[in-house]
Amino acid sequence: MNADDWGLNCETTDRTLDCVLCGAVSSVSAMVFMEDSERAAEIALDNGIDVGLHLNFTASFSAPGVSRKIAEHQIRLSEYLLRNRFAQVIFHPGLNSSFEYIVAAQIAEFARLYGREPERLDGHHHMHLCANVLFGGLLPSGTMVRRSFSFQPGEKSIVNRWYRKALDRVLGRRHRLTDFFFSIQPLVPLSRLQKIVDLSRHFMVEMETHPQVPAEHAFLKGEEFRNLVGDSAAALGYAIVPNLTTQV
């Protein structure tokens, strides 16, 4: 169980920490150059929390003191990626330098805050899978990278599922992946979540959550969640079991 947006703001950090300390959340993905990034890093280091980098190309950097150059490059990327839903699948040669600069800047800032380079990466709004990042080879080789969402036949169109499988194959050439990746939402019906929990008994499954969302925080802290996971409680950290083969 991985919580996104660590460091986005104080409320997000605090609600996520609440779920980490009660054992409902295994690990977090941290945003840098955001208003609570510095405090969140201190909390993570003090509590031994497993942290990866949550690359951000679309939400304005809100930390004080962000350089003008970093802000300008990020605004350029945000305007392009949010223009329409197809922008992320099109490789834009004119933005190569901005993508390279912003990825490198966020990796360097993560290393400054956490004392090491990230071993695990994903993206805000899953933009780490956009064409310029993926096909530009901008993510460090050998790192753990979040795969595309997993869906069952009938949940999405054939074209959508084919595209996601193609992305995962490209990712799998240079990076380590889990076997499956799901969002905790929707929270109902519980039968959907039960199927995911059952799957995690045989495969490496990542489930994404956002504890700053009241409904998700309440669910993770509640009896319903404890009954659901049973003896398949959230892993202690973002653990990869060596003898499981990734399905790409």
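Located above this text is the structure these notes cover.
These figures come from a predicted structure and were not determined experimentally.

Time to look at the environment of Gly115. Among the structural elements, Gly115 can be located in the loop between α4 (96-114) and β4 (120-123). Sequence separation between Gly115 and Ala41 is 74 residues, and the spatial gap between their C-alpha atoms is 9.8 Å.

Among the nonpolar cores identified, the biggest contains 65 residues, and Trp6, Phe57, Phe99 and Tyr114 are the most heavily contacted of them. Ranked by the residues each element gives to this core, the list is headed by α4, at 8 residues. Those residues within four positions of Tyr114 in sequence are excluded, and the remaining contacts are Trp6, Ala30, Ala40, Ala41, Ala44, Leu45 and Val51.

The element strand β7 (residues 205-209) is extensively covered by neighbouring structure, given that 5 of its 5 residues are classed as buried. Here β7 shows no split at all, with Val205, Met207 and Thr209 on one side and Glu206 and Glu208 on the other all buried. Bridge count for strand β1 (residues 2-6) against β7 is 2 bridges, and the pairing is parallel. Across the sheet, residue Asn2 finds its bridge partner in β7, namely Glu208. In this fold, strand β6 (residues 180-183) hands off to helix α7 (residues 190-199), which returns the chain to β7; that crossover is right-handed.

To continue, consider unusual backbone geometry. The omega angle of the peptide bond from Gln185 to Pro186 is 0°, so this bond is cis rather than trans. Mapped onto the secondary structure, Pro186 falls in the loop between β6 and α7. The step from Val188 to Pro189 runs through a cis peptide bond, and the omega angle for that step is 5°. The phi dihedral of Asp5 falls on the positive side, at around 75°, and the residue is not glycine. Mapped onto the secondary structure, Asp5 falls in strand β1. Positive phi is not limited to glycine here, since Phe33 has a value of about 60°.

This paragraph deals with a nonpolar patch on the surface. Taken together, the side chains of Phe86, Val89, Ile90, Trp162 and Tyr163 define a hydrophobic patch exposed on the protein surface, amounting to about 520 Å² of accessible area. Its place among the elements puts Tyr163 in helix α6 (residues 158-174).

Turning next to the pairing of strand β3 (residues 50-55). Most of β3 is tucked away: 5 of the 6 residues are buried. Summarising the sheet, strand β2 (residues 27-30) and β3 pair through 4 bridges and their orientation is parallel. The residue bridging Ser27 from the neighbouring strand is Asp50, located in β3. Read as a crossover between parallel neighbours, the route from β2 over helix α2 (residues 37-47) to β3 is right-handed. Pairing of β3 with β4 involves 3 bridges; the strand directions are parallel. Note on β4: the bridge partner recorded for Leu53 is Leu121.

Here the focus is the sheet that holds β7. Overall, parallel pairing links the 7 strands, which are arranged β5-β4-β3-β2-β1-β7-β6 in an open sheet. What marks the edges here is a single partner per strand, and that holds for β5 (144-145) and β6. Packed on one face of the sheet, helix α1 (residues 10-21) meets β1 and β2 and runs near 160° to β1. With respect to the sheet, α4 is in contact with β1, β2 and β3, its orientation differing from that of β3 by roughly 155°.

Locating His54 in the fold gives a position in strand β3. For His54, the side chain forms a polar contact with the side chain of Asp122, separated by 2.5 Å. In this view, His54 contacts Asp4, Asp5, Ser29, Ala30, Met31, Gln106, Asp122, Gly123 and His124; residues no more than four positions away in its chain are not counted.

Positionally, Arg146 belongs in the loop between β5 and α6. Residue Arg146 is classed as buried on the basis of its relative accessible area, which comes to 2%. Within the local environment of Arg146, its side chain forms a polar contact with the side chain of Glu208, the two groups lying 3.4 Å apart. If near-sequence neighbours (up to four positions away) are discounted, Arg146 is found in contact with Asn2, Asp4, Ser29, Leu121, Asp122, His126, His128, Leu129, Leu171, Phe181, Glu206 and Glu208.

Procedures and definitions
- Residues numbered from 1 in each chain as written.
- Predicted model: local features only at pLDDT ≥ 70, side-chain atom pairs only at ≥ 80, totals over all residues.
- Heavy atoms only, no water.
- Helix = DSSP H or I, 4+ residues; strand = E, 2+ residues; numbered from the N terminus.
- Core = buried A, V, L, I, M, F, W, Y, C linked by side-chain atoms within 4.5 Å.
- Buried < 20%, exposed > 50% of the residue type's maximum accessible area, 1.4 Å probe, protein only.
- Contact = heavy atoms within 4.5 Å.
- Pairing = 2+ DSSP bridges.
- Right-handed = clockwise from strand over helix to strand, strands pointing away.
- Patch = residues over 30% accessible without salt bridge, like charges linked within 9 Å, V, L, I, M, F, W, Y side chains within 5 Å.
- Areas by Shrake-Rupley, 256 points an atom, 1.4 Å probe, with all protein chains shown as cover.
- Salt bridge = Lys/Arg side-chain N within 4 Å of Asp/Glu carboxyl O.
- Axes fitted to C-alpha atoms, helices over the stretch in contact; angles between N-to-C directions.
- Polar contact = N/O pair within 3.5 Å; in protein donor to acceptor, adjacent residues only side chain to side chain.

These results come straight from atomic positions and should not be treated as a statement about function.
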